[in-house]
Every structure is written in structure tokens, then in C-alpha cells.
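What follows is the residue order along each chain.
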2 protein chains.
Amino acid sequence: MAILRSLECLVALVDEGSVTKAAAVLHMSQPALSHQIAALERELGTPVVERLARGVRVTAAGRAVAEEARVALAAASRAVQAGRRVGEGLGRRLRIACAETMTAWLLVPVLRRWQTRWPDVRLDLLEFTSADRMVEQ
Amino acid sequence: MAILRSLECLVALVDEGSVTKAAAVLHMSQPALSHQIAALERELGTPVVERLARGVRVTAAGRAVAEEARVALAAASRAVQAGRRVGEGLGRRLRIACAETMTAWLLVPVLRRWQTRWPDVRLDLLEFTSADRMVEQ
DNA sequence: CTGTTTTACGAGCAACGTAACTATT
DNA sequence: AATAGTTACGTTGCTCGTAAAACAG
């Protein structure tokens, strides 16, 4: 499996078209990025850039890899975001108040499925006989 | 950015529902996988598994992250495959023989675009005055 | 005592930055 | 001389496995 960081370096390199600029974008030194590219090429078994007298030129292979690499990076980022977002909902308590017993009975199947989907959120179903008692909570 | 390896560990953990089994699937020790999961949880700021008396239970956050993680892993894998596949085509020489000058003239715009798309593949256009000469090549 | 996960710790490896080197203009 | 990239090298941090510890049945 490829290292995500090297793919990140490649994408920056393809975007910037220069090792120096790509390194600057990623806030790292040129040699470090150069190393990552070399490691990726070793992994792929093919060069991703053509070494010219002045600068580099991205190869077809480099562009092809970068294409999928963007997808991988975006997905990894979404994974982290999804985790944080769901995580913020954990430990929360959802308090649902209803005045009518009938209403509560109707809610049960809905809440059961909800609980299945988000088992880590605690559900509290509160029943009251009058609206007055509800506002006290 | 999350580490791809930790996402790999999480996916295995979600699939297997056990640290021990997941570690076995990935051919690594339980402590190593446990570490990766802990590191991922530090990154996410939320637990991905609930520690029970006997084994673990994946949380909603864990499932959510694993979902996107699969996408990231697949994309990363495709990126490498794409690189290797294109790389194998590099250095290749495509020799196109045509007997008629007219045909060659028609081919030029097509080949030009082809060259733009795959600049690393060398194109040789060979013209012959008779079919006999072509088969000699 | 068995099974499962975590903690501790040491070894190996990979990523990084600084510095030196190469090559081209 | 100046610019762009690579190589060399030492340090830091990460990943891993073995061993030991916590915890529950």
C-alpha cells in the first residue's frame, strides 16, 4: 500500500510543476519532497516526473497517479471529518418529551430505528400527563 | 491528515469486530494494531471502539470513519495500479505503418491528440509505397 | 486460569532538515 | 554567479514486536 504522504507530495508536484514550489506549498524542504517522490517512483516502478536541465516535467504516469491520489486524499480527509462530526454527537442525550401515551407509542418504532442507526446516542423518552409538567423539565 | 495504515487497521477492526482477529488478518501483532487504533482515536478526538469486559464493540463514529476509509484505501490502491499500468506503457514505441500518403495525412491530427494525451509514448509513423515493403519491417 | 486488550520498552526504519554536490544558464 | 534538483548524513519520530500487566469470567 502506498503512503498517503507521498501521494500528497505528488499532487502538489503535479499542481505546481516544480519540486521547489510544491515543497513550499506543503511547508517542507525540497529534499524531503524529492525523497518522497523518489520513494513513490520506487513503489510504482516508474518515474512520475521527467528530470530536465531546468526543473521537472510531469509524466503521463505521474498525472494518472495524481488523479486517483486526489480521490484518496479527499476520502481520507472525509473519513477524519466524519469521525469528528459523529464523535461530537456521542455522549449526547436526546430527551424527547411527549404528552400523550398514544404519541409515545407511535414514536417507538421510529426511535428504535434511530437508535439502531446511532447506538451511541442516549435516548430518553419522557412522558407527561400535561403540558404544564413538560415545561418544568 | 490521517495515516493510511491506521485507516486500514480500523477497516479490519470493523470487519472482524475484534482486535485479535483484525491483527491476524493484517499479519501484525495485537499491540501494534491496538496502537494504531489509539493513534487514530487521538487524531479523531473520539473513540472508534467501546472497550467491553470481553472484546470491543465498534462505535457509530468508528463505522462512519471506516466507510470513508474504504474509499480512501481503494483509491490509493487504484493510484498505484494506474501508475504501474501507465508506467508499463512508457518507453514503448508505437510504430504505425501506412501505405498511402493520404492516409498518413488523415492520421496526423489523430496522432497529434494521442501524443498530447500520452506524451511519454514514442510514436513512429512509417510510410511505404507498397505493401511488400511494409511486411519487411 | 483463560481469553482479550492495553501498557512498557527497545529495535529498526522512515521522514525530515541542513549542508554539500551536480548541472545548466 | 544563480537556479533547480539530488545526494549525504545525522536526528527525530513512528511502527512494530516481545514481554508484562490489567481486567473479567
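Conventions we followed
Residues numbered from 1 in each chain as written. Chains lettered and ligands numbered in written order. Predicted model: local features only at pLDDT ≥ 70, side-chain atom pairs only at ≥ 80, totals over all residues. Heavy atoms only, no water. Salt bridge = Lys/Arg side-chain N within 4 Å of Asp/Glu carboxyl O. Axes fitted to C-alpha atoms, helices over the stretch in contact; angles between N-to-C directions. Helix = DSSP H or I, 4+ residues; strand = E, 2+ residues; numbered from the N terminus. Parallel < 35°, antiparallel > 145°, perpendicular 65-115°, else oblique. Contact = heavy atoms within 4.5 Å. Near = heavy atom within 4 Å. Polar contact = N/O pair within 3.5 Å; in protein donor to acceptor, adjacent residues only side chain to side chain.

Examining the pattern of salt bridges
When the charged atoms of two side chains with opposite charge come close together, those side chains can pair.
Here comes step 1: Counted according to the given criterion, the structure contains 8 salt bridges over all chains.
Here comes step 2: Here B:Glu50 ties to B:Arg57 by a salt bridge, and the two come within 2.4 Å at their closest N and O atoms.

Looking at the packing of helix H1 (residues 4–16) of chain B against helix H3 (residues 30–44) of chain B
Residue and element names in this part refer to chain B.
Here comes step 1: Where H1 meets H3, the closest approach of the two axes is 9 Å, and the angle between their N-to-C directions is 110 degrees. On the basis of the axis angle, H1 is roughly perpendicular to H3. On the side of H1, the interface is formed by Arg 5, Ser 6, Leu 7, Cys 9, Leu 10 and Leu 13, while H3 contributes Leu 33, Gln 36, Ile 37 and Leu 40.

Here we look at the protein's contact with DNA strand D
Here comes step 1: Surrounding DNA strand D, one finds 18 residues, the nearest of these being A:Thr20, A:Ser34, A:Arg51, B:Ser29 and B:Gln36.
Here comes step 2: Of all atoms in DNA strand D that approach within 4 Å of the protein, 81% are sugar or phosphate atoms.
Here comes step 3: The contact in question runs from a phosphate oxygen of DNA strand D to an N or O atom on the backbone of A:Val19, over 3.3 Å.
Here comes step 4: Measuring from a phosphate oxygen of DNA strand D, one finds a side-chain N or O atom of A:Thr20 at 2.5 Å.
Here comes step 5: Elements with a minimum of two residues in the surface near DNA strand D: helix H2 (19–25) and helix H3 (30–44) of chain A together with H3 of chain B.
Here comes step 6: Broken down by element, the surface near DNA strand D gets its largest block of residues, 3 residues, from H3(B).

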